[in-house]
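Below are the chains, spelled out letter by letter.
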Amino acid sequence: MAEQLGTLEELPQDYRDAMTEAGVAPLWPMMRNVLPHGKPNPTTRPGYWNYENLRPLLHRAGELTPVEKAERRVLVLSDPGRGAGAMQATASIYLGMQLLLPGETAPAHVHTPSAVRIIVEGKGGFTVVDGERLPMEEGDLVLTPGGDWHDHGHDGTEPVVWLDALDLPLFYYLEGSYATEGPLQAQRNRPDAGQVEYLSSGLVPSRKLGAGARKYPMVRYPWTRTEAALREVVKYSDDGIAELDYVNPETGADVLPTMGFTAVMIPAGVKSAPPLQSSSAAFHVVKGRGKTTIDGQVFEWGPKDTFTAPVFAEITHEASEESFLVRVHDRPLQEKLGYYEERAR
Ligand SMILES: [Fe+2]
């Protein structure tokens, strides 16, 4: 394979003008941009957002912009490789920090992209998904899958903040992103049904003939259960850390078609150096402190901070305190497309 392909400048101006006139362009000067050798050449750069910095900005948004004027009062975490204002944190993952004040509601709506909330702080917030009212407690993972109606409310007394993760960039790229709004949902009489029906792993509700499971049978994954499970798993870990994937309890598959979520426990003093992965990732610190090196850049993190890594990044985590992270990634999408890959460092 030739290392250097022909450039645009090598072509005579009259030929270049004629191509522009005809609405075509030569592939060869641009081919290495879209098909680099060996591995992708990501635009995404590692990102880091300190929650102590974001918090006052979010609260100021609460004073400056009433929720009716914002609909969703969110500060978007923009990929440094694309610059502030970019509606994405990696190629496939959108991240936003959302504030809801006591008494506020977010209008009921449905959209084509899927969203997940990771609750960052505050008590009394709730999300209604497909008629099911779900409490939002710190560290909980709450799904609002694409096509499911949802709205948010707040019965508490303190501001509630959560991190939104969406597959929005993908839907936007496909020109498939849109939303529909409607009246607040009637809440069904069995709130948080997933926590009743799937109380114990390995047990699912027995169904009458022909009664199928819901496509998304569990939409809230309480942090207390996740942390308890990680603490058990870590006792038997070969590499000193514990990792648990969030899955659909009926199918065992990832919770959403495009995005995956993995809870990670890194005990104090433990270092984790995973293989290079073709997926991009965002890490949210539920608790703990440590530092992560991503492609040579060092990020010192604490509780509620968020950081991101591009595809095939070399990532090394070191926890100085017992730490719990949630990793958001696009492995489910890449597996469906048939190219998810891990490489030795
Ligand atoms: Fe939404």
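Residues numbered from 1 in each chain as written. Predicted model: local features only at pLDDT ≥ 70, side-chain atom pairs only at ≥ 80, totals over all residues. Heavy atoms only, no water.

J.: Looking at this structure, how should I read the coordination of the iron ion?
T.: By definition of the ideal shapes, four donors in a tetrahedron about a metal sit 109.5 degrees apart, and six donors in an octahedron sit 90 or 180 degrees apart. Only H109 (NE2), H111 (NE2) and H150 (NE2) from the protein coordinate the iron ion, and they sit 2.1 to 2.3 Å from it. Each donor residue of the iron ion belongs to the same chain, with the gaps between them written as H-x1-H-x38-H. Residues H109 and H111 agree in their burial class; the two are buried. (Donors = N, O, S within 2.8 Å, 3.2 Å for Na, K, Ca; no water. Buried < 20%, exposed > 50% of the residue type's maximum accessible area, 1.4 Å probe, protein only.)

J.: Is there a simple way to explain the sheet that holds strand β4 (residues 105-111) in this structure?
T.: Across a sheet, strands are paired by hydrogen bonds formed along the backbone, either parallel or antiparallel in direction. A sheet is described by the order of its strands in space; here five strands give the open sequence β7-β6-β9-β4-β11, paired in antiparallel fashion. Each edge of the sheet is formed by a strand with only one pairing partner; in this case those strands are β7 (132-135) and β11 (179-182). Shown here is a sheet whose adjacent strand axes are inclined to one another by a mean of 25°, direction ignored. Sheet topology note: the β4/β11 ladder contains four bridges and is antiparallel. (Pairing = 2+ DSSP bridges. Helix = DSSP H or I, 4+ residues; strand = E, 2+ residues; numbered from the N terminus. Axes fitted to C-alpha atoms, helices over the stretch in contact; angles between N-to-C directions.)

J.: Just to check I follow, could you spell out the sheet that holds strand β10 (residues 160-166) for this structure?
T.: The six strands lie next to each other as β2-β3-β10-β5-β8-β12, forming an open sheet whose pairing is antiparallel. The sheet terminates laterally at β2 (74-76) and β12 (220-221), the two strands that pair on one side only. Both strand β5 (residues 115-121) and strand β8 (residues 141-144) contribute to a ladder of four bridges, which runs antiparallel. The residue of β8 that forms the bridge with V116 is L143.

J.: Which parts of the structure should I look at to understand the UniProt feature "domain: Cupin type-2" (unreviewed entry) in the chain?
T.: Feature annotation in UniProt assigns "domain: Cupin type-2" (unreviewed entry) to the following positions: residues 97-164. Summarising residues 97-164: 0% helix, 60% strand, and an end-to-end C-alpha distance of 6 Å. (UniProt positions renumbered as here; feature names shortened; annotations may be inferred.)

J.: For this particular structure, what's the right way to read the pattern of salt bridges?
T.: Side chains carrying opposite charge are able to pair once their charged atoms draw close together. What the rule picks out here adds up to 24 salt bridges. For K287, the salt bridge identified is with E227, shortest N-O distance 2.6 Å. Of this pair, K287 sits in strand β17 (residues 281-287) while E227 is found in helix α7 (residues 223-233), placing the two residues 60 residues apart along the sequence. Take E227: its relative accessible area is 12%, and that puts it in the buried class. Several salt bridges share partner residues, and in doing so they unite E227, R231, K287 and E322 into one network. (Salt bridge = Lys/Arg side-chain N within 4 Å of Asp/Glu carboxyl O.)

J.: What is the right way to read the nonpolar core from this model?
T.: Nonpolar side chains tend to gather and get buried jointly when the protein is soluble and globular. Core analysis: the largest hydrophobic core is formed by 42 residues, its most contacted members being L95, M97, L141, W223, Y246, F261 and V328. Apart from the residues lying within four places of it in its own chain, the contact partners of V328 are I93, I118, A165, M259, G260, F261, S280, A281 and A282. Among the nonpolar cores identified, the runner-up in size contains 16 residues, and I241, F283, I315 and A319 belong to it. (Core = buried A, V, L, I, M, F, W, Y, C linked by side-chain atoms within 4.5 Å. Contact = heavy atoms within 4.5 Å.)

J.: Please clarify how the side chain of T292 should be interpreted in this entry.
T.: By the element assignment, T292 lies in strand β18 (residues 290-294). If sequence neighbours within four positions are ignored, T292 has contacts with Q297, V298, F299, W301, F307, I315, T316 and H317.

J.: Would you take a moment to explain unusual backbone geometry for this structure?
T.: Only a minority of non-glycine residues have a phi that is not negative, and only a minority of peptide bonds are not trans. Within the chain, D295 stands out as a residue other than glycine whose phi angle is a positive 45°. Structurally, D295 is set in the loop between β18 and β19 (297-301). Its identity as a non-glycine residue notwithstanding, K304 has a phi of 75°, on the positive side. Along the chain, K304 turns up in the loop between β19 and β20 (306-309).

J.: Help me understand helix α3 (residues 51-64) in this model?
T.: An α-helix turns once per 3.6 residues; consequently, residues spaced three or four apart project the same way. For α3, spanning 14 residues, the distance from its first C-alpha to its last is 20 Å, which sits close to the expected 20 Å at 1.5 Å a residue. Those residues of α3 lying buried are Y51, L54, L58, A61 and G62. Looking straight down α3, one finds its buried side chains confined to an arc of 100°; they lie on one side. Facing away from the buried side of α3, by more than 90 degrees, are the exposed residues E52, N53, P56, L57, R60, E63 and L64. Buried residues along α3 sit in contact with β1 (47-49), β2, β3 (94-100), β5 and β10. Where α3 begins, the capping side chain belongs to N50, and its oxygen is found 2.8 Å from the backbone nitrogen of E52. (Expected span 1.5 Å × (residues − 1). Arc of directions from axis to C-beta. Polar contact = N/O pair within 3.5 Å; in protein donor to acceptor, adjacent residues only side chain to side chain.)

J.: Would you explain the environment of A344 in this entry?
T.: Here A344 shows up in the segment after β23 (342-343). The exposure class assigned to A344 is exposed, which follows from its relative accessible area of 71%. Separated by 67 residues in sequence, A344 and Q277 place their C-alpha atoms 9.1 Å apart.

J.: Would you mind showing me how to read α7 here?
T.: If you check which residues of α7 are buried, you get W223, T226, E227 and L230. Here the buried residues of α7 occupy an arc of 95° about the axis, which is enough to place them on one side. On its buried face, α7 sits against β12, β13 (242-245), β14 (260-266), β17 and β22 (323-329).

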